[in-house]
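Structural features, examined
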Amino acid sequence: LLVMERIDEGALKWEDTITASAHASSMGGSQIYLKEGEQMTARDLIKSVVIASANDAAVALAEHTYGSEEAFVKRMNERAAELGMTATHFENTNGLDDTAQNHVTSAEDIAIMSRELIRHREILEFSSTWMDTIRNGQFGLTNTNRLVRFYRGCNGLKTGSTKKAGFCVSVTAEREGMTLICVIMGAESRDIRNAEAQRLLDWGFATYGLFTAEGGTLDPLRVTGGTSDEVGISYPRFTAVLPKSDLTAVEHTVTLPESVKAPVRAGETVGKISYTCKGEALGEIPITATETAERLSFWELWGRVLKGVLCIG
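This section reports on the structure supplied with the text. Along each chain, numbering runs from 1 in the same order as the chain's sequence is written. Residues qualify for local features only when their pLDDT is at least 70, as the model is predicted, and side-chain atom pairs are given and counted only at 80 or more; totals for whole chains, interfaces and linings, by contrast, use all residues. Calculation of side-chain values draws on the structure's entire complement of heavy atoms; hydrogens and water are dropped beforehand.

Concerning the pattern of salt bridges
Side chains bearing opposite charge may pair, as long as their charged atoms lie close to each other. Here is the rule we go by: The rule for a salt bridge is simple: a side-chain nitrogen of Lys or Arg has to be within 4 Å of a carboxyl oxygen of Asp or Glu. Strands here are runs of E lasting at least two residues and helices are runs of H or I lasting at least four, both read from the DSSP assignment and numbered beginning at the N terminus. Exposure categories follow from relative accessible area, calculated using a 1.4 Å probe and restricted to protein chains: below 20% of the type maximum is buried, above 50% is exposed, and the middle band is partly exposed.
Within this structure, the stated rule accounts for 17 salt bridges. Two residues, E38 and R135, come together in a salt bridge whose shortest N-O distance is 2.7 Å. Within this pair, whereas E38 is found in the loop between α2 (22-25) and β2 (39-41), its partner R135 is found in the loop between β3 (131-134) and β4 (139-142), the two being separated by 97 residues in sequence. For R135, a relative accessible area of 23% translates into the label partly exposed. The shortest N-O distance in the salt bridge between R119 and E116 comes to 3.1 Å. Overall, the relative accessible area of 18% leaves E116 in the buried class. Several salt bridges share partner residues, and in doing so they unite E5, K74, R75, E78, R79, E82, E116 and R119 into one network.

What follows is the structure in structure tokens.
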């Protein structure tokens, strides 16, 4: 997530060349066997982390983006706090815990982190890839998450296992426009982990559905004291995941003034639509102006007054 946010900021580009340090190349567990001094693009390193759980690639990315693994881990903990991950504390970038003292998280926190991560569509492109290659096709990557191949709609996200943690996975799957996130931790084997994930996802898709209210426009809104007497207004699409039995019980309320004073800028919020289900709030979306109406100047206003007087005369 931190690496993807650095890309969004422009601080890192997909084709930037990253050089592996001795520390990065010393990682155990799942890896792509980076050698000290070996160079690889950020894209290939990210791909290696997401598809093949490459611990050495994770450290190389951390060192390149924040200067050191320690600085990166500090930012990991800060970002976790920002996201509300109250049960999480990171000690390294990859979860290797042979010497870790307080490297902990929870299923809920993993779900929170996963939800934020999949806002970056490239991650789902990588995590849904079954097989790929790096090093000009000389080194193969195979997805550690078998569910992307065998569970309908699965498009991610990541597996992990250590002796202390057991077999863990955060799975994302999409059907009919609805994405579910399922987190399994502490399973006794890969097969048990995968079976439990499938069972929970089956239950989720059978029990929940996606309510959708498409975006659109409303009647123009009257403007007072403006160069235009009215502006067009519109609202975006609204979605909510609900028990299937509640999908027909959603109600909405439009809150909109009779008029607004100029100036009004295109994109400015002028009202809202609130959605509820059985008395419980689901959320709200803004109603925004699609046009700009500037405030009348003194002379424009005086001209209108004179015009009105002359018409009366």
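Okay, back to it.
Structural notes on the environment of D191
Relative to the assigned elements, D191 resides in helix α9 (residues 190-207). The sequence separation of D191 and R146 amounts to 45 residues, and the corresponding C-alpha distance is 9.9 Å.

Digging into the state of the cysteines
What counts is decided by this rule: We call a pair of cysteine sulfur atoms a disulfide when they lie within 2.5 Å.
Scanning all chains against the criterion turns up 0 disulfides. Take C168: it sits in no disulfide, and the sulfur closest to it among the cysteines is that of C182, at 12 Å.

Brief notes about the packing of helix α4 (residues 55-66) against helix α5 (residues 69-82)
Cut-off, in case you're wondering: Between N-to-C directions, angles cover 0 to 180 degrees, with each direction set by a line fitted to C-alpha atoms, over the stretch in contact for helices. Reported orientations rely on four angle classes, namely roughly parallel under 35 degrees, roughly antiparallel over 145, roughly perpendicular from 65 to 115, and oblique for the rest. Should any heavy atoms of two residues lie within 4.5 Å, those residues are counted as being in contact.
The contact between α4 and α5 brings their axes to 8 Å, and the two run at 85°. Comparing their axes, α5 and α4 come out roughly perpendicular. Side by side, α4 and α5 meet where V59, A62, E63, T65 and Y66 of the first sit next to E69, A71, F72 and R75 of the second.

Points about the packing of aromatic side chains
This is how the line gets drawn: Note on aromatic contacts: the rings of Phe and Tyr and the six-membered ring of Trp form a pair at centre separations within 6.5 Å, being stacked when their planes are under 30 degrees apart, edge-to-face when over 60 apart, and tilted otherwise. Placement of a charge over a ring requires the Lys NZ or Arg CZ to be within 6 Å of the ring centre, with the centre-to-atom vector within 35 degrees of the ring normal.
Overall, the coordinates contain 7 aromatic pairs when judged by the stated rule. Ring geometry for W14 versus F126: centroids 6.0 Å apart, planes at 70°, classification edge-to-face. In this pair, W14 is assigned in the loop between α1 (2-9) and β1 (17-19) and F126 in helix α7 (residues 121-127), connecting sequence segments 112 residues apart. Using a relative accessible area of 9% as the deciding quantity, one classes F126 as buried. With a centroid separation of 6.4 Å and 65° between ring planes, the pair formed by Y33 and F139 is classed as edge-to-face. One end of the pair, Y33, is in the loop between α2 and β2; the other, F139, is in strand β4, and 106 residues separate them in sequence. What makes F139 partly exposed here is its relative accessible area of 22%. Pairwise contacts between aromatic rings join F211, F238 and Y275 into one cluster. Stacked on the ring of F139, the Lys or Arg R135 has its end atom at 5.1 Å from the ring centre.

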